[in-house]
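# Observations on the model geometry
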Amino acid sequence: MEGTAHAPADPTDPREPYDPAATERWATEPDKRPGRTAFQRDRARVLHSAALRRLAGKTQVVTPGTRSYDWDASPRTRLTHSLECAQVGRELGAALGCDPDLVEAACLSHDMGHPPFGHNGEEALNEFAKDCGGFEGNAQSLRLLTRLEPKRFVPDADGELVSVGLNLTRACLDAATKYPWARGDHPTDPGSVKFGAYEDDLPVFEWLRLGAPADRKCFEAQVMDWADDVAYSVHDFEDGLHAGHLDPNLLHAEPERTAIWRVAIGRYVPADTDPEELREALDRLMEQEWWPHGYDGSAVAQARLKDATSQLIGRFCQASEGATREAYGPGRLTRYGAGLVVPREARNECAVLKAVADLYVMQRDEQERIRADQRVVLAELAEALSRRAPEGLDPQFRAIFDTAPDDRARKRAVVDQIACLTDAAARSLHGRLTGRTRRAEG
């Protein structure tokens, strides 16, 4: 990862860090080429998947392929975010003794299930799917990896071929599972909208979690989760400066600071967090010699900002690496043998960056207008597809719809179709099915 100086764990360590159960696949299959590890195969399957490519057309913060006078010409997409997350996670994981291909595969696949229009689309689909199990991007990722992404088919009890998705290893699926519980089974908040598996995906979820402590993320998933936080907090902040939405000098003023704490508390840090902790976190960052105190778009300013992003990534990852090593020692840390330790100070600094980007980029009036339009597009698209299905469904999802045992399963097939669309494809299909073309953002 940029800005770090650590070395990976000693590859000559004779201890095998992963037991045979970790490399099992739902459907047994022979190796195509001897010498490749199971996790190298996992990474290759994710990297070559159509689902990963589609992330290039899905929103990270702003819709890809559009531009306004205010926004940078090359905003990040879900794909570029996933690639950056994978780079951060691979190196941090390797430094702590994880298999780097395993962590990278988990980072690359962690957002695969996200629908068009980012979290806004996730909320719209959750409303539409409330009577068939809801919608959650992470649960959709598991569904995609184990069922929807065409790669491996095996015969069922009746001899019919059924998809097992990419047929990844148990450890890889576990590492990509950010919320290891089903809907309504959150360990501390049963009403939480975050969960990792739909009801009809519980068999494979229970298989991948075999032997895992209840509700506990494996170590590689914790590395993936922190790499995700680091990547999007730093890069959303960077994009806000590039776009001209954020003047770093405003971060010195108390009215703006109070607004930042208000956004962060309860959303990015626990509700009982003292604002003074966040004030100290922001001050620590702004005291660094590399902190961007101004940005005018010049080549020199761009280089300085890129150095700041590298320094921030290195700062957050080195903090977690050092604290984890202090707690668990120098050996290989994998699966359920350890927990990633992220110091409170680093979490607060990361949260402050998230809140700054949230306040100055995502909460702009223009963005709310765009989000409202996106919700209308997905709601109307879902309704139109439901009325016409199986007409309008791609062949893959039409087959799922036609063989579904009940209305609940048929509605899930419609949701699966919409979730796979890019932003542009969702607008195009909406226009064809409704006869109305809404003005795309930008």
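Residues numbered from 1 in each chain as written. Predicted model: local features only at pLDDT ≥ 70, side-chain atom pairs only at ≥ 80, totals over all residues. Heavy atoms only, no water.

### Focus: the overall build of the protein
- Helix and strand counts for the protein stand at 17 helices and 2 strands.
- What you see for the protein is a C-alpha radius of gyration of 22 Å, in line with the 22 Å of a compact globule of 442 residues.
- Based on the C-alpha atoms only, the size of the protein along its principal axes is roughly 65 × 60 × 40 Å.
- Classification of the 442 residues of the protein by burial places 55% in the buried group.
- The long-range share in the protein, meaning contacts at least 24 apart out of those at least 6 apart in sequence, stands at 73%.
- Per element, the accessible surface of the protein, about 19200 Å² overall, is 51% carbon and sulfur.
- The averaged location of the 73 negative side-chain charges in the protein is 4 Å from the averaged location of its 57 positive side-chain charges. (Helix = DSSP H or I, 4+ residues; strand = E, 2+ residues; numbered from the N terminus. Rg over C-alpha atoms; globule rule 2.2 N^0.38 Å. Buried < 20%, exposed > 50% of the residue type's maximum accessible area, 1.4 Å probe, protein only. Contact = heavy atoms within 4.5 Å. Areas by Shrake-Rupley, 256 points an atom, 1.4 Å probe, with all protein chains shown as cover. Lys, Arg positive; Asp, Glu negative; His and termini not counted. Charge placed at Lys NZ, Arg CZ, Asp CG, Glu CD.)

### Section: the pattern of salt bridges
- In this structure the tally under the stated criterion is 43 salt bridges.
- Note that Glu29 and Arg41 form a salt bridge whose closest N and O atoms lie 3.0 Å from each other. Taken together, the residues span a long stretch of sequence, with Glu29 in the segment before helix H1 (38–47) and Arg41 in helix H1 at a distance of 12 residues. Here the two residues Glu29 and Arg41 agree in accessibility, since each one is buried.
- Arg284 is paired through a salt bridge with Glu349; the nearest N and O atoms lie 2.7 Å apart. Note that Arg284 is positioned in helix H11 (residues 275–286) and Glu349 in helix H13 (residues 344–362), a separation of 65 residues in sequence.
- Using a relative accessible area of 23% as the deciding quantity, one classes Arg284 as partly exposed.
- The buried category is assigned to Glu349, whose relative accessible area is 3%. (Salt bridge = Lys/Arg side-chain N within 4 Å of Asp/Glu carboxyl O.)

### Quick look at unusual backbone geometry
- In this structure, the amide linkage connecting Ala389 to the following residue, Pro390, adopts the cis form with an omega of 10°.
- For Pro390, the location among the structural elements is in the loop between helix H14 (365–388) and helix H15 (395–403).
- Positive phi, normally seen in glycine, also occurs at Phe117, with a value near 70°.
- On the basis of relative accessible area, Phe117 is assigned to the buried category, the value being 2%.

### Considering helix H9 (residues 219–243)
- Here H9 contains 25 residues, and its C-alpha end-to-end distance of 36 Å stays within 8% of the 36 Å for a straight helix at 1.5 Å per residue.
- Within H9, 23 of the 25 residues are buried, which leaves the element mostly enclosed by the surrounding structure.
- Positive backbone phi, approximately 80°, marks Gly244, located one or two places after H9. (Expected span 1.5 Å × (residues − 1).)

### Here's the deal with the layout of surface pockets
- Quantified by volume, the second largest pocket comes out at close to 670 Å³.
- Forming the walls of the second largest pocket are 24 residues, and the residues nearest its centre are Arg143, Arg147, Asp200, Ile400 and Ala409.
- Considering every element that reaches the lining of the second largest pocket, the biggest residue donor is H15, with 4 residues.
- Looking at the lining of the second largest pocket, its residues break down into 12 nonpolar, 4 polar and 8 charged. (1 Å grid on protein atoms, 1.4 Å probe; cavity = no way out; pocket = protein on both sides within 12 Å on 5 of 7 lines; lining within 4 Å. Points joined across faces, edges and corners; volume = space filled by probe spheres on them. Nonpolar A, V, L, I, M, F, W, Y, C, P; charged D, E, K, R; others polar.)

### Let's talk about helix H16 (residues 407–420)
- In a regular helix each residue adds 1.5 Å, so 14 residues correspond to 20 Å; H16 covers 20 Å between its end C-alpha atoms and thus fits that length.
- Burial runs high along H16: 10 of the 14 residues are buried.
- For H16, the full list of buried residues reads Lys411, Arg412, Ala413, Val414, Val415, Asp416, Gln417, Ile418, Ala419 and Cys420.
- Contact partners of the buried residues in H16: helix H2 (50–54), helix H5 (118–128), helix H6 (137–148), H14 and H15.
- Taking the backbone nitrogen of Arg408 as reference, a side-chain oxygen 3.3 Å away marks Asp406 as the first, capping residue of H16. (Polar contact = N/O pair within 3.5 Å; in protein donor to acceptor, adjacent residues only side chain to side chain.)

### Re empty space enclosed by the protein
- One pass over the full model with this rule turns up 1 cavity of 30 Å³ or more.
- Size it by volume and the largest cavity reaches roughly 40 Å³.
- Taken together, Asn138, Ser141, Leu142, Leu145, Leu173, Ala176, Thr177 and Gly196 make up the full set of residues lining the largest cavity.
- Tallying contributions element by element places H6 first for the lining of the largest cavity, with 4 residues.
- Along the lines of polarity and charge, the residues of the lining of the largest cavity split into 4 nonpolar, 4 polar and no charged.

### So, the packing of aromatic side chains
- As enumerated under the stated definition, the model contains 6 aromatic pairs in all.
- Aromatic pair Trp26 and Trp207: ring centres 5.6 Å apart, planes at 90°, arrangement edge-to-face. Of the two residues, Trp26 is situated in the segment before H1 and Trp207 in helix H8 (residues 202–208); the sequence distance between them amounts to 181 residues.
- Judged by its relative accessible area of 43%, Trp26 is partly exposed.
- Trp207 gets classed as buried once you look at its relative accessible area, which sits at 15%.
- Above the plane of the ring of Phe128 lies Lys411, whose end atom (NZ or CZ) is 4.4 Å from the centre.
- Sitting over the ring of Tyr198, Arg412 keeps its end group 4.0 Å from the ring centre. (Phe/Tyr/Trp six-rings, centres within 6.5 Å; stacked < 30°, edge-to-face > 60°. Lys NZ or Arg CZ within 6 Å of the ring centre and 35° of its normal.)

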